[in-house]
Amino acid sequence: MSTSPSIIDTRRHQMFPVLETFEIERVRRFGKVRSYDDGAALAKVGEVGPGLSIILAGQVEIVRRDELGHSTPIVTYGPGSFMGELAQLAGRPALIDAHARGPVQALIVAPDQLRALLIAEAELGERIMRALILRRVGLLETGAGGPVIVGRPGNGDVLRLEGFLRRNGHPRQTLDPDTDAEAKALIERFHIDPGQLPIVLCPGGQLLRNPSERELARCIGLVRPIDPTRIYDVAIVGAGPAGLAAAVYAGSEGLSVLVLDCRAFGGQAGASARIENYLGFPTGITGMALMARAYNQAQKFGVEMAVPDEVTGLEAEDDLAPRRIVLRLSNNARVSARALVIASGARYRRLSIPNLEAFEGASVHYWASPLEAKLCAGQEVALVGAGNSAGQAVVYLANQAAKVWLLARGDDLAASMSRYLVDRIRGLPNVEVLTRTGVTGLEGHDGALAAIRWRRGASGEEVRRPIQHLFLFIGAEPNTDWLLGSGVALDAKGFVLTGGDTTDKRRPLETSREGVFAIGDVRSGSIKRVAAAVGEGAQVVATLHAYFAAAERNPAILTSH
Ligand SMILES: Cc1cc2nc3c(=O)[nH]c(=O)nc-3n(C[C@H](O)[C@H](O)[C@H](O)COP(=O)(O)OP(=O)(O)OC[C@H]3O[C@@H](n4cnc5c(N)ncnc54)[C@H](O)[C@@H]3O)c2cc1C
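First, a word on scope: everything that follows refers to the structure included in this document. Just so it is clear, the model here is predicted, and its values are computed rather than measured.

This part is about the overall build of the chain. Secondary structure summary: the chain contains 17 helices and 27 strands in total. Expressed as lengths along the three principal axes of its C-alpha atoms, the size of the chain is roughly 80 × 70 × 45 Å. Among the 561 residues that make up the chain, the fraction classed as buried is 53%. The contacts of the chain with a sequence gap of at least 6 include a subset with a gap of at least 24, amounting to 67%. Working note: accessible area of the chain is about 24,500 Å², and carbon and sulfur atoms make up 50% of it. Each charge class in the chain can be summarised by its mean position, and for the 62 positive and 61 negative side chains these summaries are 3 Å apart.

Quick look at the structure:
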């Protein structure tokens, strides 16, 4: 059990600030006063509430409740306190229960008004925003308000669901059916066969059997239907650093923005154990922490998030309305916008080993997050790759694993990895680097790897080692399949051409199709770095304004949708 103190103990005063009377008067214009009788619910786990509630009179008790029937009081709010966490910023279902203790009067600030308040009242907005974030961190620590996963630790589907919730900053609890009495009781209550595990119990009471990420997201209220009649100023495909940066700048400059991502916010950067070369973070920052800040910041500026929602196609140009952008989603929905920013990045490359797929999920990993590190604690692991992401993962895993074998195809790590990482790896006693080495086979059964075979050089002997976890960091290819047939030109490797590289000599970052822009790793010739992706996200907004201004001058463009 963890001995580190809870955030509720260490940052209580920042989590639960009390507003002064004059501050409440200043924010009255953003809300509406409502009265509640003794015992009335101000919020219920799993239900979308009316917004942030500032208590004017009376007391409100906040209770953490889970699907196993446990209730734990968190705090009791009195006059001047405000009730809410990040869910209230985006109008998502509550993660806690709140009840009036005695008659209560509260100022209710709806999500759109809360965003307006955070921007208009900078100093007060900062205190409120910090409290909302810290409260979510507190809920993440305990798993309160999130779904309960019942399944064996290390099972591929359990890891998939845990990874999805963790990447989306959503609390969860996982119960092992072999050791946990409550898990056993749930399995009996719902007559679950061991083969049907994992099951997920959602806060609304629904039971899902080994759900897809999308089913789970819908059940916990992470995704909502998109209004098919609305035309956004900008649709952004991808919520990695490039897409989130474009969203923050476009949203802060008053454009209506929808961001779609098929997995989670943060993209590849969200999977980085520690980003050490991003300006302003001299001690480094985890990719997830950096991206969560950007995600919350974008929502503060009113950006709408559709995560997870996969874009499967961009409709070809229409002769009658040439500048209309229509995206097709995997759930058959359509999204319309005046401009499109492609920020769909790249995906990890896989090894060409025939039975690789059988071990993906439980034993073959493409990220090195705390989840994977915990699985490998005290064991030998192998990692294939020679780039910076491989180097970071080796350094991170070496902290937990008994030994890390780093297998690289080339002669010298320094040819593809930053000097500081090469030096750091050299200084780690439990890392062994094997150059000119390739994986030749995987052995195991039921998704669990038992051994890895590799060979050094073309004629070297094949070595077999009993290793249960293999990490692959062997580069990426662009996520551009969805652009086929859309009229957006790609280079020979499938990356999107922009600006002077297109035959039409478009604006900087604009693709061969007018009004469609590309930024970040998906763009041909881009620098594959977080800072470069963020820079292009900022830059594209200036180009968008130039495009919209040209459209204003040309009525044919304005009447195109
Ligand atoms: C493990 C790791 C560590 C790294 N460490 C560093 C580092 O320390 N420093 C550094 O500068 N760089 C680092 N990088 C590189 C950096 O993360 C990338 O350059 C950066 O994330 C690119 O940002 P992006 O927004 O262009 O694309 P991505 O981060 O790839 O994001 C693209 C997003 O688009 C979504 N998407 C794709 N297709 C669709 C679709 N059809 N519909 C909806 N959504 C879609 C994806 O789910 C993804 O979230 C690292 C990369 C990895 C993998």
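So, about the state of the cysteines. In the structure shown here, the tally under the stated rule is one disulfide. Here Cys 202 pairs with Cys 219 through a disulfide, and the sulfurs are 2.5 Å apart. Here the disulfide of Cys 202 and Cys 219 is right-handed, its torsion about the S-S bond being about 130 degrees. Placement of Cys 202 in the loop between strand E9 (199–201) and strand E10 (207–209) and of Cys 219 in helix H9 (residues 213–219) is noted, with a sequence separation of 17 residues between them.

A few words on the side chain of Glu 514. Relative to the helices and strands, Glu 514 is located in the loop between strand E26 (476–478) and strand E27 (516–518). With residues near it in sequence (within four places) discarded, Glu 514 still touches Arg 323, Arg 506, Arg 507 and Tyr 547.

Here we come to the sheet that holds strand E24 (residues 462–465). Spatial ordering of the open sheet is given by E22-E23-E24, a layout of three strands whose pairing is antiparallel. The sheet terminates laterally at strand E22 (437–445) and E24, the two strands that pair on one side only. The mean inter-strand angle of the sheet, taken between neighbouring strand axes irrespective of direction, is 25 degrees. Two strands pair when backbone bridges link them, and strand E23 (residues 448–456) and E24 are joined in this way by four bridges, in the antiparallel orientation. In the strand pairing of E24, Ile 452 is matched with Arg 465.

Ile 236, Val 257, Val 259, Met 305, Val 341, Ile 519 and Val 540 are the most contacted members of the largest nonpolar core, which totals 41 residues. Looking at this core, the elements that each hand over two or more residues are strand E11 (231–237), helix H10 (241–252), strand E12 (257–260), helix H11 (287–300), strand E16 (334–342) and helix H16 (530–553). At eight residues, the largest contribution of residues to this core is made by H16. Here Ile 236 is in contact with Gly 243, Ala 246, Ala 247, Val 257, Leu 258, Val 259, Leu 260, Val 341 and Ala 343, once residues within four sequence places are set aside. Listed in part, the 25 residues of the second largest apolar core include Ile 8, Met 15, Ile 62 and Ala 98.

Reading the values: rules and limits
Residues numbered from 1 in each chain as written. Predicted model: local features only at pLDDT ≥ 70, side-chain atom pairs only at ≥ 80, totals over all residues. Heavy atoms only, no water. Helix = DSSP H or I, 4+ residues; strand = E, 2+ residues; numbered from the N terminus. Buried < 20%, exposed > 50% of the residue type's maximum accessible area, 1.4 Å probe, protein only. Contact = heavy atoms within 4.5 Å. Areas by Shrake-Rupley, 256 points an atom, 1.4 Å probe, with all protein chains shown as cover. Lys, Arg positive; Asp, Glu negative; His and termini not counted. Charge placed at Lys NZ, Arg CZ, Asp CG, Glu CD. Disulfide = S-S within 2.5 Å. Pairing = 2+ DSSP bridges. Axes fitted to C-alpha atoms, helices over the stretch in contact; angles between N-to-C directions. Core = buried A, V, L, I, M, F, W, Y, C linked by side-chain atoms within 4.5 Å.

All quantities given are derived from atomic positions and should not be read as evidence of function.
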